[in-house]
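Structural description and commentary
Chain by chain, the residues run as shown.
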Amino acid sequence: MFAAHENVKNSILEAIIDSAYEWIVVVDKEGIIQYMNRTYAEFLGENIHSVTGRHVCDVIENTRMHKVVESGVPEIADLQYIRGNYMIANRIPVKVDDEVIGAVGTVIFRDTGQWKKMNSHIKSLLHELEFYKKDWHEKNGAKYSLQDLEGRSEKMVHLKGQVKKAASSDLPVLISGESGTGKELIAHSIHQLSERSGKPFIKVNCGAIPETLFESELFGYEEGAFTGAKKGGKAGKFGLADGGTIFLDEIGDLPSHMQIKLLRVLQEKEIETIGSTVSRKVDVRIIAATNRPLQQMIVQRQFREDLYYRINVIPLNVPPLRDRKEDIPGLVAKLLDKITSRSGKRIIGVENDVMNWFLSHQWPGNIRELENVLEAASHFSPGEIILADFVPGISHERVTAVSGEKSLKEILQETEEKVLRDTLRDCSFDKKKAASLLGIGKTVLYEKIKKYNIQEV
Ligand SMILES: Nc1ncnc2c1ncn2[C@@H]1O[C@H](COP(=O)(O)OP(=O)(O)OP(=O)(O)O)[C@@H](O)[C@H]1O
């Protein structure tokens, strides 16, 4: 019957495929579409006759058909985003004598209603996943990266190079530098650039945890380990950081009995939670920071020498801001960007007087001090440019400079003489007028003219 006729056979096949439950596309080994069924073309908003002969990438968004032809590896049940919807795609290479000559792609869908239900379900699951990913990163991830580290001075360029090198290894890093120089920012950057970036970055402020809580904070405790212990126990920072990085800030403040415990973790690479008798292996990279002179502390027996050598495998020194003043203009721009994006107030720069003061100031609090000064000044400055009058440090330093050099009596006399000279000059030496403007009697004015030896010019 009609099975004998090739044309009829093809037409039947085509009719079946065209109305198939699935959307179908066939490409050759160059990724050129050889066939697409009607329902797929309609969904894509394409004319069935115009899709054949075009590259698959020009017709289907996010397609991987051309990749499958290249790799020869089938991709089954892959989630693909097309025209605002998530589809489930299968891509199967077609081989003849082991040579890939093309690929068949199918996209699964049911009736529109069912599809929409499934699609919105997937969308909400993906949103939920995004939310948890973001939340996890905010709590456990590194907040800063190397791009946040402003500084084009030779010292900073060198330091950034060292940071990159440190990131590519898994060795302990000790970051030294004065307070506010950017040690924490550097620790974040190392983690971000390292193989561990997808894993937690856990910060421990060694100076802020009360001594009695230190062990439970660092190593955690088991349920019922002590009175007041939380139900289910508590994970310690080391446990939380497993697979990632632990940042031990202000390590110089670590109490000596904790220094021994920390040394043990570094040596054995295992922790023992309070109340537990068994140790647990942890894989944690150590980055420590200090603004205290650890070597001096070793001499004074305040810091263990063995611990120092364990953590100081890659030493990084962050120079104070006063030693790299050429970084100040760039830092001002970067910090103003940060401040204005937080506050929403538009500030585009600082006036020359302010920049000159910034360049002459010694910045004992380093970049943190600069950031605080800019934050306060941008809050009080009425315009888009920060003026000297609104930079608290400037006026304070001016007064200190004046009062440091002269006595109050001298300052008052100088001011009085200046006011007298200016007023007399403005009144063209009309003494009666000047006395009345100054609110003093003529006799007093004469006395003062004599005292200061003011001559008519
Ligand atoms: N090079 C830099 N570029 C941009 N911002 C910086 C830079 N260095 C530091 N900062 C900013 O200055 C502030 C202080 O930096 P950070 O907390 O990293 O300093 P720190 O050395 O760890 O200080 P502390 O010793 O007091 O803990 C932060 O807001 C940080 O973002």
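Please refer to the structure higher up on the page.
Notes on the structure follow. (Residues numbered from 1 in each chain as written. Predicted model: local features only at pLDDT ≥ 70, side-chain atom pairs only at ≥ 80, totals over all residues. Heavy atoms only, no water.)

Turning next to the packing of helix 19 (residues 431–438) against helix 20 (residues 442–451). The geometry of helix 19 relative to helix 20 is characterised by a closest axis approach of 9 Å and an angle of 100° between their N-to-C directions. Judged by the inter-axis angle, helix 19 sits roughly perpendicular to helix 20. For the pair helix 19 and helix 20, the contacting residues are Lys431, Lys432, Ala434, Ala435 and Leu438 in the first and Lys442, Leu445, Tyr446 and Ile449 in the second. Looking at the contact of helix 19 with helix 20 residue by residue, the class counts come to six nonpolar, no polar and three charged. (Axes fitted to C-alpha atoms, helices over the stretch in contact; angles between N-to-C directions. Helix = DSSP H or I, 4+ residues; strand = E, 2+ residues; numbered from the N terminus. Parallel < 35°, antiparallel > 145°, perpendicular 65-115°, else oblique. Contact = heavy atoms within 4.5 Å. Nonpolar A, V, L, I, M, F, W, Y, C, P; charged D, E, K, R; others polar.)

With that settled, consider the site of the ligand. In the vicinity of the ligand lie 19 residues, with Glu150, Ser179, Lys183, Arg368 and Glu371 positioned nearest. Between the ligand and Gly180 there is a distance of 3.0 Å, counted from an oxygen atom to a backbone nitrogen or oxygen. In the environment of the ligand, an oxygen atom lies 2.6 Å from a nitrogen or oxygen atom belonging to the side chain of Lys183. Looking at the shell around the ligand, its residues break down into four nonpolar, five polar and ten charged. Taken together, domain 2 (146–319) and domain 3 (324–404) each give at least three residues to the shell around the ligand, which thus spans both. (Near = heavy atom within 4 Å. Polar contact = N/O pair within 3.5 Å; in protein donor to acceptor, adjacent residues only side chain to side chain. Domains from an automatic or database assignment.)

A full pass over the atoms with the stated rule returns eight aromatic pairs. Taking the centre distance of 4.4 Å and the plane angle of 25° together, the rings of Trp23 and Phe43 count as stacked. Here Phe43 lies in helix 2 (residues 38–43) and Trp23 lies in strand 1 (residues 22–28), a separation of 20 residues in the sequence. The buried category is assigned to Trp23, whose relative accessible area is 5%. On the basis of relative accessibility, which here comes to 23%, the residue Phe43 falls in the partly exposed class. Of the aromatic side chains, those joined through ring pairs into one cluster are Trp23, Tyr40 and Phe43. (Phe/Tyr/Trp six-rings, centres within 6.5 Å; stacked < 30°, edge-to-face > 60°. Buried < 20%, exposed > 50% of the residue type's maximum accessible area, 1.4 Å probe, protein only.)

A general trend in soluble globular proteins is that nonpolar side chains are found buried together. Counting 31 residues, the largest nonpolar core has Phe238, Leu248, Ile251, Phe303 and Ile311 as its most contacted members. The biggest single contributor to this core is helix 11 (residues 256–268), with five residues. Apart from the residues within four sequence positions on either side, Phe238 is in contact with Leu218, Phe219, Ile246, Leu262, Val265, Ile271, Val282, Val284 and Ile286. Val354, Met355, Ile367 and Ile394 belong to the second-largest nonpolar core, a separate cluster that totals 23 residues. (Core = buried A, V, L, I, M, F, W, Y, C linked by side-chain atoms within 4.5 Å.)

Together, Ile348, Ile385 and Leu387 make up an exposed nonpolar region whose accessible area comes to about 240 Å². On the basis of relative accessibility, which here comes to 52%, the residue Ile348 falls in the exposed class. (Patch = residues over 30% accessible without salt bridge, like charges linked within 9 Å, V, L, I, M, F, W, Y side chains within 5 Å. Areas by Shrake-Rupley, 256 points an atom, 1.4 Å probe, with all protein chains shown as cover. Salt bridge = Lys/Arg side-chain N within 4 Å of Asp/Glu carboxyl O.)

Right, let's get into the environment of Asp253. For Asp253, the position within the fold is in the loop between strand 10 (245–249) and helix 11. Residues Asp253 and Phe303, spaced 50 residues apart in sequence, show a C-alpha to C-alpha distance of 9.0 Å. Setting aside anything within four residues of it in sequence, one finds Asp253 in contact with Cys206, Gly207 and Arg292.

Let's shift gears to helix 15 (residues 352–360). Among the residues of helix 15, those classed as buried are Val354, Met355, Trp357 and Phe358. Taken down its axis, helix 15 places every buried residue within 160° of arc, on the same side. (Arc of directions from axis to C-beta.)

It is worth spelling out the pattern of salt bridges at this point. With the rule as written, the count across this model stands at 24 salt bridges. The partner of Arg304 in a salt bridge is Asp306, and the shortest N-O contact between them spans 2.7 Å. With a relative accessible area of 30%, Arg304 lands in the partly exposed category. A salt bridge links Arg342 to Glu375; the shortest N-O distance between them is 3.0 Å. Here Arg342, found in helix 14 (residues 328–343), pairs with Glu375, found in helix 16 (residues 366–380); they are 33 residues apart in sequence, far enough to count as distant.

What follows deals with the packing of helix 14 against helix 15. Where helix 14 meets helix 15, the axes come as close as 10 Å, and the angle between the chain directions of the two elements is 120°. Between helix 14 and helix 15, the angle is such that the two are oblique. Of the two possible hands of crossing, helix 14 and helix 15 adopt the one that is right-handed. Facing Ile328, Pro329 and Val332 of helix 14, the residues of helix 15 in contact are Met355, Phe358 and Leu359. Along the lines of polarity and charge, the residues of the contact of helix 14 with helix 15 split into six nonpolar, no polar and no charged. (Left-handed = near helix turned anticlockwise from the far one by under 90°.)

Ordered by their spatial adjacency, five strands build an open sheet running 7-10-13-6-14, and the pairing between neighbours is parallel. Two strands close off the open sheet at either side, each with one partner strand: strand 7 (201–205) and strand 14 (314–317). Recorded for the sheet is a direction-independent mean angle of 20° between the axes of neighbouring strands. As judged from the four bridges shared by strand 6 (residues 173–176) and strand 13 (residues 285–290), these two strands associate in the parallel manner. By the bridge assignment for strand 13, Val173 is matched with Ile287. (Pairing = 2+ DSSP bridges.)

Here seven bridges tie strand 1 to strand 5 (residues 99–108), and the two strands are oriented antiparallel to one another. Pairing of Val25 across the sheet is with Gly105, part of strand 5. Bridge count between strand 4 (residues 85–96) and strand 5: nine bridges; the pairing is antiparallel. Within the sheet, the bridge partner assigned to Val94 lies in strand 5 and is Gly102. From the end of strand 4 to the start of strand 5, which pair antiparallel, there are two residues, and Asp97 there has a positive phi angle of about 50°.

Right, let's get into the side chain of Asn90. Its place among the elements puts Asn90 in strand 4. Residue Asn90 is classed as buried on the basis of its relative accessible area, which comes to 14%. One polar contact links the side chain of Asn90 to the main-chain amide nitrogen of Ala77, over a distance of 2.7 Å. Once residues within four sequence positions are removed from consideration, Asn90 is found in contact with Glu75, Ile76, Ala77, Val104, Gly105, Thr106 and Ile108.

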